[in-house]
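# Secondary and tertiary structure notes
Okay, here's what each chain looks like letter by letter:
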Amino acid sequence: MPPEPLLRVQGLRCGYGRIEAVKGVDLEVAEGEIVALVGANGAGKTTLLRAISGVLPITAGAIRFAGEPVETMRPHERVARGIVQVPEGRQLFGPLTVLDNLRLGAFRRGRARTEENLERVFSLFPQLAERRDTAAGALSGGQQQMCAIGRALMAEPKLLLLDEPSMGLAPFLVEQILETVARLRREGVTVLLVEQNAVAALSLADRGYVLETGRIAHSGTGRDLLGDPAVREAYLGV
Amino acid sequence: MAELVQLLFAGLTTGAVYALVALGFTLIFQASEVVNFAQGEFVMLGGMVTVFAYQAGLPLPLAALLAVLVAVATGVLLHRLAIEPAKGATVVTLIIVTIGASILIRGLAQLVFDKQFHALPAFSGDAPLRLLGAAILPQSLWVLGGAAAIVFGLWLFMERTLLGKAVRATAANRLAAELVGIDTRLVLALAFAVSAAIGAVGGILVTPITLTSYAVGTLLALKGFAAAMLGGIGNPVGAVAGGLLLGLLEAFAAGWISSTYKDGVAFLVILLVLFALPHGLLGRRAVERV
């Protein structure tokens, strides 16, 4: 029997009020993988991530993380277990400094390792070190994204949920962010990546899922999905 | 000159209490967008519990400590039993919930205590100090010093501790706070607890001067809210400035016009300020950044 994946989502349903945005999704992420979740606007990608993080209640289904059911846990308990999300649109603490944003990322971690992790984040994103005393709201878009990823890394994620990290960034910054994702995986972080930029995401990912109006329409290795004519036509715009 | 100094101290003393109530409003509003009209009841509880515990034979410092604890427990229960279950309700609904809670607390205080006015002995005697021809009550200095200590302590907590920063983070972006692992429900409970403690201390400090009864909370909540609006709601510096300014306005209105119009003048000025500056003196424009 193969070992249980790090994250296993089964029959997940959730939404906003009477609108069901995710209609029974099964999804797995094995330890050490990069898994891409692609699909059109409004397909339910962000909703799915919010449900995994616990900031959105689910109406049905199960979420197991590292062999433990987490679907009834509150968000902070899931962060403590290593499920950490970089939300869409960065969502930094605007009035607080970059350093405070990063320190708050380590809210569930011991103070001892905070300084060590800070060094790690600053070596990954030297620009943040230079602007550590700036209010996060005053950073440029690219720096804000670095700060958001840095803040998540401060929580020592086992599973990093990245929601549209390249949104609104210049192409060279997109490349830099995606390189960072690849580097994090080499350092042992498992990544679930949501992207509109499906070609880039699937090229980087080991496996991918295509979400269509709240359901998984296709799944497979990144390479297979990139080569699948149906996927190419519907989602990759080629 | 003597009259000016006299009015100045009278105004700053009442203003300090308004500032503490306004600070309580601000703290809860920042963390939750709830405007807590039960804020005045914390001041009432601070004074009344101290009075009755002191009359029952407890030494004054212990009676005061007990009063703060009772107020904190009330604040936490208010959050747990009234605010938390109404999560997701509109701001107006939440305001009505807190008004209801304040009526309940006042009613209970009337039952548990009584309807009389009560005083506490001044902490360090009643002999007035002479300053530039004015007579200053030593208790005024306790009120001013106590309020300054609270403001400084709160500033230290918010700016220098990780927990304080977690409160500010929750105020800045609730979703992000949850995603970094801050238990936002706990932060809200903490905001209610700290607000209650601040209000109670204000009530204890000022009771030797102004007396207290079960019903003093209503007007204090209104004045404190007005002070918070005057300074710009959601801004702690504005809350303190608004409180002091309101106290001074009242004192000078009472001294130079008529004490009959004291409350009226204060509210009139606030109306004028809010017509001209809807965000208060130090308030930021509410701009949604995307």
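Residue numbering note: each chain is counted from 1, following its sequence as written. Written order decides the labels, with chains lettered from A and ligands numbered from 1. Thresholds applied to this predicted model are a pLDDT of at least 70 for local features of residues and 80 or more for the giving and counting of side-chain atom pairs; totals over whole chains, interfaces and linings are not thresholded and use all residues. Side-chain descriptors were evaluated using all non-hydrogen atoms of the structure, hydrogens and water having been removed beforehand.

## Let's talk about the overall build of chain A
What counts is decided by this rule: Comment: elements are numbered from the N terminus, with helices defined as DSSP H or I runs of at least four residues and strands as E runs of at least two. This radius of gyration counts C-alpha atoms alone. The globule rule is 2.2 Å times how many residues there are, raised to the power 0.38. Whether a residue is buried, partly exposed or exposed follows from its accessible area with a 1.4 Å probe, protein chains only, as a fraction of its type maximum: under 20%, in between, or over 50%, in that order. The contact criterion used is simple: two residues touch if any of their non-hydrogen atoms lie within 4.5 Å. Under the convention used here, a 1.4 Å probe and the Shrake-Rupley method define accessible areas, while residue burial counts only the protein chains that appear.
Secondary structure assignment for chain A yields 10 helices and 10 strands. Whereas a compact globule of 238 residues would reach a radius of gyration of roughly 18 Å, chain A reaches 17 Å, a difference of no more than 12%. Overall size of chain A, expressed as C-alpha extent along the three principal axes, is 45 × 40 × 40 Å. Evaluated residue by residue, chain A yields a buried proportion of 53% over its 238 residues. For chain A, contacts bridging at least 24 residues in sequence account for 67% of all contacts bridging at least 6. Roughly 10,100 Å² of accessible area belongs to chain A as shown, and the carbon and sulfur atoms make up 49% of that amount.

## A look at unusual backbone geometry
Here Glu164 of chain A, not a glycine, exhibits a phi torsion of approximately 50°, which is positive. The topology assignment puts Glu164 of chain A in the loop between strand 7 (159–163) and helix 7 (171–186). Despite not being glycine, Leu211 of chain B has its phi angle at roughly 65°, a positive value. For Leu211 of chain B, the position within the fold is in the loop between helix 8 (184–210) and helix 9 (217–231). We classify Leu211 of chain B as partly exposed; its relative accessible area is 37%.

## Comments concerning the packing of helix 2 (residues 39–55) of chain B against helix 8 of chain B
Residues and elements named next belong to chain B. Defined as follows: Between the N-to-C directions of two axes lies an angle of 0 to 180 degrees, each axis being a line fitted to C-alpha atoms and, for a helix, fitted only over the stretch in contact. Note on terminology: angles under 35 degrees are roughly parallel, angles over 145 are roughly antiparallel, angles of 65 to 115 are roughly perpendicular, and the others are oblique. Each crossing gets its hand from how the near helix is turned against the far one by less than a right angle, where anticlockwise is left-handed and clockwise is right-handed. Note that Gly is not counted as nonpolar here; it falls among the polar residues with everything else outside the nonpolar set of Ala, Val, Leu, Ile, Met, Phe, Trp, Tyr, Cys and Pro and the charged set of Asp, Glu, Lys and Arg.
Running from amino to carboxyl end, helix 2 crosses helix 8 at an angle of 50°, the nearest separation of the two axes being 7 Å. In terms of axis orientation, helix 2 runs oblique to helix 8. In this structure, the crossing between helix 2 and helix 8 has a hand that is right-handed. For the pair formed by helix 2 and helix 8, the contact residues are Gln39, Phe42, Val43, Gly46, Gly47, Thr50 and Val51 on the first element and Ser195, Ala196, Gly199, Ala200, Gly202, Gly203, Ile204 and Thr207 on the second. Looking at the contact of helix 2 with helix 8, its residues break down into six nonpolar, nine polar and no charged.

## Looking at the confidence of the model for chain A
Cut-off, in case you're wondering: pLDDT: the predictor's confidence for each residue, scored from 0 to 100.
When pLDDT is averaged across chain A, the result is 92; 98% of the residues are at 70 or more. No element of chain A has a lower mean pLDDT than helix 10 (residues 229–236) of chain A, at 77, and none a higher one than strand 6 (residues 83–86) of chain A, at 97.

## Notes on the packing of aromatic side chains
Aromatic ring pairs are defined here through the distance separating the ring centres and the angle between the ring planes. All names here are of chain B. Quick note on the threshold: Pairing of aromatic rings covers Phe, Tyr and Trp, the last through its six-membered ring, and needs centres within 6.5 Å; plane angles under 30 degrees mean stacked, over 60 mean edge-to-face, and all others mean tilted.
Counted according to the given criterion, the structure contains seven aromatic pairs over all chains. For the pair Phe123 and Trp142, a centre-to-centre distance of 5.2 Å together with 75° between the ring planes defines the contact as edge-to-face. Note that Phe123 is positioned in the loop between helix 4 (91–112) and strand 1 (129–131) and Trp142 in helix 5 (residues 138–160), a separation of 19 residues in sequence. Measuring from ring centre to ring centre gives 6.1 Å for Phe152 and Trp155, while their planes differ by 20°; the resulting arrangement is stacked. Within this pair, Phe152 and its partner Trp155 are both found in helix 5, separated by three residues, close to a single helical turn. Each residue in the set Phe25, Phe37 and Phe225 is aromatic and connected to the rest through ring pairs, giving one cluster.

## Quick word on empty space enclosed by the protein
Stated formally: Here a cavity denotes a set of grid points, spaced 1 Å apart and computed over the protein atoms alone, in which a 1.4 Å probe fits but from which it cannot get out, and a pocket denotes an open set meeting protein on both sides within 12 Å along at least five of seven lines; residues with an atom within 4 Å of a point are reported as lining. Grid points are joined across faces, edges and corners, and a volume is the space filled by probe spheres set on the points.
Overall, the coordinates contain two cavities of 30 Å³ or more when judged by the stated rule. Considering only enclosed or pocket space, the largest cavity measures out at about 50 Å³ in volume. Looking at the largest cavity, the residues that line it are Val84, Gln85, Val86, Pro87, Gly105, Ala148, Arg151, Ala152 and Ala155 of chain A together with Leu179 and Val180 of chain B. Listing elements by their share of the lining of the largest cavity, those giving two or more residues are strand 6 and helix 6 (141–153) of chain A. Residues of the lining of the largest cavity, tallied by class, amount to eight nonpolar, two polar and one charged. Lining the second largest cavity are Leu27, Leu154, Phe157, Val167, Leu190, Ala191 and Val194 of chain B. Elements supplying a minimum of two residues to the lining of the second largest cavity: helix 5 and helix 8 of chain B. For the lining of the second largest cavity, the element with the highest residue contribution is helix 8 of chain B, accounting for three residues. Class assignment of the residues belonging to the lining of the second largest cavity gives a composition of seven nonpolar, no polar and no charged.

## Re the packing of helix 5 of chain B against helix 6 (residues 162–172) of chain B
Residue and element names in this part refer to chain B. Their axes nearest at 5 Å, the elements helix 5 and helix 6 cross at an angle of 80°. Viewed along their axes, helix 5 and helix 6 adopt a mutual orientation that is roughly perpendicular. Contacts between helix 5 and helix 6 involve Phe157, Met158, Glu159 and Arg160 from the former and Leu162, Leu163, Gly164, Lys165, Val167 and Arg168 from the latter. Its residues assigned to classes, the contact of helix 5 with helix 6 comprises five nonpolar, one polar and four charged.

## Let's talk about the side chain of Thr13 of chain B
Relative to the assigned elements, Thr13 of chain B resides in helix 1 (residues 2–32). The exposure class of Thr13 of chain B is buried, given its relative accessible area of 5%.

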